[in-house]
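Overview (structure and organization)
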Amino acid sequence: MCTAPFGVLFAAFRQGEGGGAPAPPAKPGLSALDPATGRIVWHTPAPEAPCVYASDKGKPSRCARAQSAAPAIIPGFVFQGALDGWFRAYDSASGKIVWEHSTTAQTYDTVNGIKGQPGGGIDGMGPTVANGMVFLMSGNNGAARVGSNGVNVLLAYSVDGK
């Protein structure tokens, strides 16, 4: 298993914002930064993945590839969600996507008895890792107020994506 060098900061951000000048095209994705120098160790662009919100019931979905949720980190992996509802595990040393899952492509029967609960965008709150499981809130109306449906579903994955 790969591990990141000690002292690496992982950040999802829009690269290229400039003070006063027109902003260059956005580069949504996840980056590893060296906090001592600010140097980008690696950057993995947000993939252009299929985006369908089950809650849209066949209407065209408004999708954004922004990765505004906080990442979670364990040795060897960085977990990151996106506004388009995709949840990914990245190799912390290289930035390579190890596994991914669309939280919006299906509905879920919940443990509290709600049938057909849709997933949605992942914004604001990042995943939580405990006891070998990754817990994620999908559908949260976070700070961006786009790509979500206002109905949350709590999802649980093993760290290997199952």
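All values derive from a computational prediction rather than experimental measurement. (Residues numbered from 1 in each chain as written. Predicted model: local features only at pLDDT ≥ 70, side-chain atom pairs only at ≥ 80, totals over all residues. Heavy atoms only, no water.)

**Details of the environment of Pro47**
Along the chain, Pro47 turns up in the loop between β3 (40–45) and β4 (72–74). Take Pro47: its relative accessible area is 23%, and that puts it in the partly exposed class. With 39 residues separating them in the primary sequence, Pro47 and Trp86 have C-alpha atoms 9.5 Å apart. Residues contacting Pro47, with those up to four places away along its chain left out, are Arg65, Arg88, Ile97 and Glu100. (Helix = DSSP H or I, 4+ residues; strand = E, 2+ residues; numbered from the N terminus. Buried < 20%, exposed > 50% of the residue type's maximum accessible area, 1.4 Å probe, protein only. Contact = heavy atoms within 4.5 Å.)

**Describing the packing of aromatic side chains**
The geometry of two aromatic rings is summed up by the distance between their centres and the angle between their planes. In the structure shown here, the tally under the stated rule is 6 aromatic pairs. Between the aromatic rings of Phe87 and Trp99, the centroid separation amounts to 5.7 Å while the plane-to-plane angle is 70°, which identifies the pairing as edge-to-face. With a gap of 12 residues between them, Phe87 in strand β6 (residues 86–91) and Trp99 in strand β7 (residues 97–102) connect regions that are remote in the sequence. Of the residues examined, Phe87 reaches a relative accessible area of 0% and is grouped as buried. Relative to Tyr157, the ring of Phe87 has its centre 5.3 Å away and its plane inclined at 35°; by these criteria the two rings are tilted. (Phe/Tyr/Trp six-rings, centres within 6.5 Å; stacked < 30°, edge-to-face > 60°.)

**Remarks on the pairing of β7**
Where β6 lies against β7, 5 bridges are found, and the strand directions are antiparallel. Residue Phe87 lies in a different strand from β7, and its bridge partner there is His101. Taking the residues between adjacent antiparallel strands as the criterion, β6 and β7 are bridged by 5 residues, where Gly95 takes a positive phi near 85°. (Pairing = 2+ DSSP bridges.)

**Brief notes about the sheet that holds β7**
Taking strand neighbours across the sheet as the criterion, the 4 strands line up as β4-β5-β6-β7 in an open arrangement whose pairing is antiparallel. In this open sheet, the two strands that pair with only one neighbour each are β4 and β7. On average, adjacent strands in this sheet sit at an angle of 15° to one another, irrespective of strand direction. The pairing of β4 with strand β5 (residues 77–81) spans 3 bridges and is classified as antiparallel. Note on β5: the bridge partner recorded for Ala72 is Phe79. (Axes fitted to C-alpha atoms, helices over the stretch in contact; angles between N-to-C directions.)

**Describing the side chain of Ser138**
On the secondary structure map, Ser138 appears in strand β11 (residues 133–138). Assessed through its relative accessible area of 0%, Ser138 is described here as buried. Among the polar contacts listed, one links the side chain of Ser138 to the side chain of Thr103, at a separation of 2.8 Å. From its side chain, Ser138 meets the backbone nitrogen of Gly120 in a polar contact 2.8 Å long. Not counting residues within four places of it along the chain, the set of residues in contact with Ser138 comprises Thr103, Gly119, Gly120, Gly121, Ile122, Val151, Asn152, Val153 and Leu155. (Polar contact = N/O pair within 3.5 Å; in protein donor to acceptor, adjacent residues only side chain to side chain.)

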